[in-house]
Amino acid sequence: MLSVFSSYPTFLVFLSIVIAAVVTMVLTPGWIKVLRAKAIGQQVRADGPQSHLVKQGTPTMGGVVMLVAVVVAVLLLARPGADTITCMAAILVTGVVGLIDDGSKVIFERSLGLTPRQKLIFQFAIATVFCLAAVNLVGIEPTVTIPFIYTFDLGVLTTVIPVGPGIAVPWLYLIFVDVLIVGMCNAVNLTDGLDGLAAGTVMFVMLIMAAIAYRADLINSAVIATAVAGACIGFLWFNSFPADIFMGDTGSLALGTALGCLAVLTKTEFLVVIIGGLFVAEALSVMIQVLYFKKTRKRIFLMAPLHHHFEKKGWSETKVVVRFWIVSGALAASGFLIYFADTLL
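Calculation criteria
- Residues numbered from 1 in each chain as written.
- Predicted model: local features only at pLDDT ≥ 70, side-chain atom pairs only at ≥ 80, totals over all residues.
- Heavy atoms only, no water.
- Phe/Tyr/Trp six-rings, centres within 6.5 Å; stacked < 30°, edge-to-face > 60°.
- Helix = DSSP H or I, 4+ residues; strand = E, 2+ residues; numbered from the N terminus.
- Buried < 20%, exposed > 50% of the residue type's maximum accessible area, 1.4 Å probe, protein only.
- Lys NZ or Arg CZ within 6 Å of the ring centre and 35° of its normal.
- Expected span 1.5 Å × (residues − 1).
- Contact = heavy atoms within 4.5 Å.
- Axes fitted to C-alpha atoms, helices over the stretch in contact; angles between N-to-C directions.
- Parallel < 35°, antiparallel > 145°, perpendicular 65-115°, else oblique.
- Salt bridge = Lys/Arg side-chain N within 4 Å of Asp/Glu carboxyl O.
- Patch = residues over 30% accessible without salt bridge, like charges linked within 9 Å, V, L, I, M, F, W, Y side chains within 5 Å.
- Areas by Shrake-Rupley, 256 points an atom, 1.4 Å probe, with all protein chains shown as cover.
- Pairing = 2+ DSSP bridges.
- 1 Å grid on protein atoms, 1.4 Å probe; cavity = no way out; pocket = protein on both sides within 12 Å on 5 of 7 lines; lining within 4 Å.
- Points joined across faces, edges and corners; volume = space filled by probe spheres on them.
- Nonpolar A, V, L, I, M, F, W, Y, C, P; charged D, E, K, R; others polar.
- Left-handed = near helix turned anticlockwise from the far one by under 90°.

(A) Geometry of the packing of aromatic side chains. Scanning all chains against the criterion turns up four aromatic pairs. Between phenylalanine 336 and phenylalanine 340, the ring centres sit 6.0 Å apart and the planes meet at 40°, which makes this aromatic pair tilted. Taken together, the positions of phenylalanine 336 and phenylalanine 340, both in helix H13 (residues 317–344) and four residues apart, correspond to about one turn of that helix. By relative accessible area, which is 32% here, phenylalanine 340 ends up partly exposed. Grouped by ring-pair contacts, the aromatic residues Phe310, Trp315 and Phe324 constitute a single cluster. Sitting above the plane of the tryptophan 315 ring, arginine 323 keeps its charged end 4.7 Å from the centroid.

Spelled out as structure tokens, the structure:
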């Protein structure tokens, strides 16, 4: 299929959305039946909103189907280059970590799976390997640009390991990318707390990342981004309130990693903080809540992450989700406007 439409990159990018959405919508009903037959369901936090107790036992691990859909679209439409392989490898390995996490929750019937330390070790390892591959195989420059202001060279402290042609290790950039990818990975995971919230917000963000990749003539990255967006669209049909299935950590951790990796490949490492600003806010709300409570034994938010705070204030779940979609879309669009203006100048 790639050879037929390779001269029409715009068509490839839009076709990626359709293929991923269709594959997700076709496979998800069967996957839900399998999960129900195996009694594989969500374990709800005991200290969460009381309205969430009805979600106990809802099938989870929907991220498996989403990842299958992304893989199908990318295999059909993207060129098998180093950028495609490194990005997809990071996404899929993170998905496997999420699958292990989801599986442990089901086996031990608890809302927490792998320990935070275990997940962080896996996430930092994946981010490190991706960064080194991006720099040495894809040719990504170890720089970070703040639009209109300055480009920081984070490759000033670089060690070359004499293996084969040599492996360059830009230490400052490596640390930055590790924090970026792991941060986005967990931020999207924290956002996945309401029906349709993570899938909808990631959809908006990935469409913008696809537009940025397309403008930079990075068609492979654009195809990956639209494949993820398409998978989110197809998944929303079943994940909208009241959800028939949750994506689980299999999906949310992989989606967060996808966002971080695409930011590196498109050289929008700084802008992604604006584009994915909603995820950043969700993560910061948890960090602020924990630090403030440890210091004062009081809470700033009624409950963290941020979406639960608004639930506690009396907003319905659907109102929170739709309004967060609007905020996410506005932030993503703002990031694209900044990128577009910066490239023009």
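That covers the picture; the talk isn't over yet.
(B) The arrangement of helix H11 (residues 277–296) in detail. In a regular helix each residue adds 1.5 Å, so 20 residues correspond to 28 Å; H11 covers 27 Å between its end C-alpha atoms and thus fits that length. Restricting attention to buried positions, one finds in H11 the residues Gly277, Leu278, Phe279, Glu282, Ala283, Ser285 and Gln289. Looking at the buried side of H11, the elements it contacts are helix H6 (171–191), helix H7 (197–215), helix H9 (248–265), helix H10 (272–275), helix H12 (306–312) and H13. At the C-terminal side of H11, arginine 297 shows a positive phi close to 65°.

(C) Highlighting the packing of helix H3 (residues 63–77) against H9. Relative orientation of the contacting elements H3 and H9 amounts to 45°, with a least axis distance of 7 Å. With respect to their mutual orientation, H3 and H9 come out oblique. Contacts from Gly63, Val64, Met66 and Leu67 of H3 reach H9 at Thr250, Gly251, Ala254 and Leu255.

(D) Just the pattern of salt bridges, in detail. A complete count under the given rule lists three salt bridges for this structure. Residue aspartate 101 is joined to lysine 119 by a salt bridge in which the shortest nitrogen-to-oxygen separation is 3.5 Å. One end of the pair, aspartate 101, is in helix H4 (residues 82–108); the other, lysine 119, is in helix H5 (residues 116–138), and 18 residues separate them in sequence. Judged by relative accessible area, which is 0%, aspartate 101 ranks as buried. On the basis of relative accessible area, lysine 119 is assigned to the buried category, the value being 15%. Here glutamate 269 ties to lysine 267 by a salt bridge, and the two come within 2.6 Å at their closest N and O atoms. The exposure class of glutamate 269 is buried, given its relative accessible area of 1%. Take lysine 267: its relative accessible area is 26%, and that puts it in the partly exposed class.

(E) Fine view of a nonpolar patch on the surface. A contiguous nonpolar surface patch, about 820 Å² in accessible area, is contributed by Phe148, Ile149, Tyr150, Phe152, Phe340, Leu344 and Leu345. Of all elements in the fold, only strand E2 (150–153) and H13 reach the threshold of two or more residues within the nonpolar patch. Its place among the elements puts isoleucine 149 in the loop between strand E1 (143–146) and E2.

(F) Examining helix H8 (residues 219–239) more closely. The end-to-end C-alpha distance of H8 is 29 Å, a good match for the 30 Å that 21 residues give at a rise of 1.5 Å each. Counting buried positions along H8 yields 19 of 21 residues, so the element is predominantly enclosed.

(G) Looking closely at the pairing of strand E4 (residues 167–170). Note: strand E3 (residues 158–161) against E4, four bridges, orientation antiparallel. Its bridge partner lying in E4, isoleucine 161 is registered against isoleucine 167. Counted along the chain from E3 to the antiparallel partner E4, the turn is five residues long, and its residue glycine 164 has a positive phi close to 65°.

(H) The side chain of threonine 191, seen in detail. Mapping threonine 191 onto the fold places it in helix H6. We classify threonine 191 as buried; its relative accessible area is 0%. Not counting residues within four places of it along the chain, the set of residues in contact with threonine 191 comprises Leu197, Ala198, Thr201, Phe279, Glu282 and His307.

(I) Spotlight on empty space enclosed by the protein. Evaluation of the coordinates by the stated rule reveals two cavities of 30 Å³ or more. Roughly 30 Å³ of volume is contained in the second largest cavity. What lines the second largest cavity is simply Leu67, Val70, Ile91, Val228, Ala254, Leu255 and Ala258. Split into classes, the residues belonging to the lining of the second largest cavity amount to seven nonpolar, no polar and no charged.

(J) Focus on the packing of H5 against H9. In the contact formed by H5 and H9, the axes pass within 11 Å of each other and the chain directions differ by 30°. Considered as vectors, H5 and H9 are oriented roughly parallel to each other. Relative to H9, H5 is oriented so that their crossing is right-handed. In this structure, H5 contributes Lys119, Gln123, Phe130, Ala134 and Val138 to the contact, and H9 contributes Asp249, Leu253, Cys261, Val264 and Leu265. Taken together, the residues of the contact of H5 with H9 break down into seven nonpolar, one polar and two charged.

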